[in-house]
Amino acid sequence: MSVDKVVPLGAVGDLVHDGASVALGGGWFSNHPMAAVRELIRVGRRNLHVMTIVGSVDVDLLVGAGAVGHLSFSMVTLEAFGLAPNFRRAIEHEGLAYTEYTGLGLLIGLEAQGRGMPFLPYRGPFGSDLPAHYPDIYATIQCPFTGEELTAVRAVKPDVAIVHALRSDAEGNAQWDGTSGPDIDMAKAAGRVIVTCEKVVDRSEIVENAHMTKLPSYYVDAVIEAPFGANPTSHVPVYALDAWQMMEYAQAAGSDEFGAYVERIRTESEQQYQGRVLGDGRGELLAELVAVARVLERQGQ
Amino acid sequence: MTDYEVHELMVCRVAAEVDDEGVTVMGSFTPLAYSAYMLAKMTHAPEAFLVGFDAVGMEPFQLSFTGAEAAAYKGAVCRWGMLTEINSIHLSNHGGVEAVSSAQFDGDGAINLSVIGSFDAPKVRLPGGAGAAEVIKMYRKMIAYFGKHDVRTLVKKVDFVTGTRWKIGPESREAANLLPGPIVVVTNLAVLVRDHDERPFRIESVHPGVTPEQVVEATGFELEVPDDVPVTAAPTDEQLRLLREQIDPFGTVKFDFVSGKDRLQYLASVLDAEWRRAEESIAARRP
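Residues numbered from 1 in each chain as written. Chains lettered and ligands numbered in written order. Predicted model: local features only at pLDDT ≥ 70, side-chain atom pairs only at ≥ 80, totals over all residues.

Draft legend 1. Broad picture of the domain arrangement of chain B. Residue and element names in this part refer to chain B. Looking at chain B, the domain boundaries give domain 1 (6–256) and domain 2 (257–287). A C-alpha centroid distance of 27 Å is found between domain 1 and domain 2. Opposite the 12 residues of domain 1 that make contact, domain 2 presents eight residues. With three residues, helix α9 (residues 252–255) is the largest single contributor of residues to the side of domain 1 that touches domain 2. (Domains from an automatic or database assignment. Contact = placed C-beta atoms within 7 Å. Helix = DSSP H or I, 4+ residues; strand = E, 2+ residues; numbered from the N terminus.)

This is the structure we're talking about:
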């Protein structure tokens with residue numbers, strides 16, 4: 001009999017405490033664990049140390065909701081929808097504490113922790129002003145064999161990682177088909193791992209697609225079924241970016257309406273959220289956007 | 001010859017740098033860079049190896065704000081995780097070409113995606129560089145593009161060095177275990193190139209109707225101006241046809257060239273078209 005790690009979305013508040021460091025999976029507009037992010041807002045988490053490689057609406061929403069005390073990132077962007085408004089405002093005007101990494105620096109810090117190492121060396125980012133600002137993270141060391149000068153990055157250990165998978169069994173063998181981004185390395189580095197997924201499935205379905213299991217169950221502490229759990233970001237190949245909700249978000253986040261926007265998320269259940277944004281055929285349309293995406297032919301093929 | 005707009009000229013010039021050697025990692029969805037990669041892959045560089053989202057190796061695809069990731073997924077030869085592959089590509093010199101843009105750029109090949117003003121009390125907090133800091137140093141070629149060539153963007157010295165080319169000349173790059181290759185800057189006015197440790201950027205070409213003097217005036221760092229500066233090669237009819245009909249029929253590239261309050265309106269109109277196509281596809285399936 002295998003262990004059943006399935007818990008309801010409402011358990012996120014029990015697994016992530018005020019002040020915890022939380023690595024959020026996904027990248028750019030792909031596959032952020034948004035259902036869990038909304039739950040963190042519902043339960044009113046405060047003073048979180050949020051870690052992201054490339055965050056977007058996940059990070060900006062948490063910052064805007066007042067849940068973040070420190071931010072570690074290599075990029076936070078709303079891409080076509082502009083600079084992330086809450087991220088900007090909190091840093092420029094409210095003194096939000098942050099640590100800006102280079103992209104590889106943060107990835108390698110996670111990798112170090114995943115391997116149980118205090119640091120890992122690599123070549124670079126020579127010439128960048130960032131390492132000098134963060135001597136507790138970046139240091140210069142010499143290769144013991146050749147004497148070459150290298151950059152050491154300190155291991156990054158989030159208390160919790162939250163990642164969104166395509167499916168998982170109850171034990172936590174989690175599968176991705178499309179973008180897993182930094183999810184696996186965040187999970188391996190974290191003290192505790194929450195997997196939200198589109199669907200909790202029987203173990204036999206995992207076995208049938210064993211090549212898609214990217215996170216074996218021994219890394220995973222809790223499994224939460226959260227269909228459309230990455231919305232408004234994408235979970236390809238199931239659904240595409242909800243660009244219309246992003247537009248609404250970007251406009252609200254840059255205006256006085258943002259308080260009301262957050263209040264709506266705080267007071268509605270995940271089911272109500274889904275009814276609101278996926279009803280009226282919108283869910284089907286977000287799936288169809290994947291179907292109509294077009295691969296082009298190279299010449300001579 | 002077909003008439004063209006400056007963003008199409010820029011796409012074609014960036015595409016010319018994409019070749020069959022090494023890997024291109026596509027980070028943020030930057031339509032100008034993406035369309036250049038797709039154009040190269042559909043014309044002179046069919047073996048260009050593109051990595052984006054979790055697609056490691058892919059067929060070229062049509063650009064859209066909502067469909068790029070799904071199209072990359074569909075044409076992928078391998079689906080993998082970000083860290084595992086990007087780490088190896090960047091760090092073991094597999095990186096060939098990646099086109100980046102930034103809020104500020106200077107004559108040393110440094111980019112600023114961090115802050116305008118001081119780091120600790122910034123006037124503008126920019127998004128951060130993601131992998132750009134490492135990419136521009138480690139890749140064989142550094143390609144940078146700017147839709148608005150002016151002294152606010154091409155500055156004497158960036159406010160903050162998020163990342164930099166670090167070693168520029170071929171000998172100093174090789175001595176640092178880096179692949180030798182140039183810095184190529186493509187703007188709405190001209191093409192600038194630097195491949196020497198001591199010598200500054202030189203104007204490689206100016207776009208039609210632009211003089212070298214205008215380029216010097218719009219640039220905050222020193223430029224070498226050759227006696228004869230050629231005009232940037234115009235896109236071919238075939239390139240324009242592929243861009244307009246196949247790669248970017250929704251007009252995502254032009255979005256970056258729309259400014260002010262027209263910008264969101266333009267984005268909304270592109271998204272409308274993307275929505276309608278999906279809606280029509282659903283309707284076509286219904287009996």
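Picking up where we left off.
Draft legend 2. Representation of unusual backbone geometry. All names here are of chain A. Between Gly124 and Pro125 the backbone carries a cis peptide bond, its omega angle lying at 0°. Locating Pro125 in the fold gives a position in the loop between β5 (119–122) and α6 (130–133). Positive phi, close to 55°, is recorded for Trp28, a residue that is not glycine. Mapped onto the secondary structure, Trp28 falls in the loop between β1 (21–24) and α2 (34–42).

Draft legend 3. A look at the domain arrangement of chain A. By domain assignment, chain A separates into domain 1 (9–102 + 158–292) and domain 2 (119–154). The distance between the C-alpha centroids of domain 1 of chain A and domain 2 of chain A comes to 31 Å.

Draft legend 4. Here's a closer look at the sheet that holds strand β10 (residues 154–155) of chain B. All names here are of chain B. Read across the sheet, four strands follow the order β10-β5-β6-β11 without closing on themselves; strand pairing throughout is mixed. Among the strands making up the open sheet, the edge pair consists of β10 and β11 (163–164). Relative to strand β6 (residues 110–112), strand β5 (residues 104–106) runs antiparallel, the two being bridged by two bridges. Looking across to β6, one finds that Phe105 is bridged to Ile111. (Pairing = 2+ DSSP bridges.)

Draft legend 5. Quick look at the environment of Pro212 of chain B. Residue and element names in this part refer to chain B. As for its position among the elements, Pro212 is in helix α7 (residues 212–217). C-alpha of Pro212 to C-alpha of Pro230: the two residues are 18 residues apart in sequence and 9.7 Å apart in space. Not counting residues within four places of it along the chain, the set of residues in contact with Pro212 comprises Ile203, Val206, Val225 and Val229.

Draft legend 6. Inspection of the sheet that holds strand β6 (residues 138–142) of chain A at higher detail. Residues and elements named next belong to chain A. With antiparallel pairing, three strands are arranged side by side in an open sheet as β5-β7-β6. If you trace the sheet from one side to the other, it starts and ends with β5 and β6, each paired once. The mean angle between the axes of side-by-side strands here comes to 35°, regardless of whether they run parallel or antiparallel. Pairing of β5 with strand β7 (residues 149–154) involves four bridges; the strand directions are antiparallel. Bridged to Leu120 within β7 is Val153. (Axes fitted to C-alpha atoms, helices over the stretch in contact; angles between N-to-C directions.)

Draft legend 7. Structural view of the interface of chain B and chain A. Counting residues at the interface gives 61 residues for chain B and 62 residues for chain A. When contributions to the side of chain B that touches chain A are tallied by element, the ones reaching two or more residues are α2 (31–42), α3 (68–74), α4 (82–91), β8 (122–125), α5 (132–138), β11, α8 (237–247) and α10 (262–285) of chain B. The biggest single contributor to the side of chain B that touches chain A is α10 of chain B, with 10 residues. Residues belonging to the side of chain B that touches chain A are distributed by class as follows: 31 nonpolar, 19 polar and 11 charged. (Nonpolar A, V, L, I, M, F, W, Y, C, P; charged D, E, K, R; others polar.)

Draft legend 8. Just the pairing of strand β1 (residues 23–26) of chain B, in detail. All names here are of chain B. Along β1, one buried face is formed by Val23 and Val25 and the opposite face, lined by Thr24 and Met26, is buried too. Taken together, the four bridges between β1 and strand β2 (residues 49–52) define a ladder with parallel strand orientation. Looking at β2, one finds that Thr24 is bridged to Leu50. Tracing the backbone out of β1, into α2 and back to the parallel element β2 gives a crossover that is right-handed. (Buried ≥ 20, exposed ≤ 12 C-beta atoms within 10 Å, placed from the backbone. Right-handed = clockwise from strand over helix to strand, strands pointing away.)

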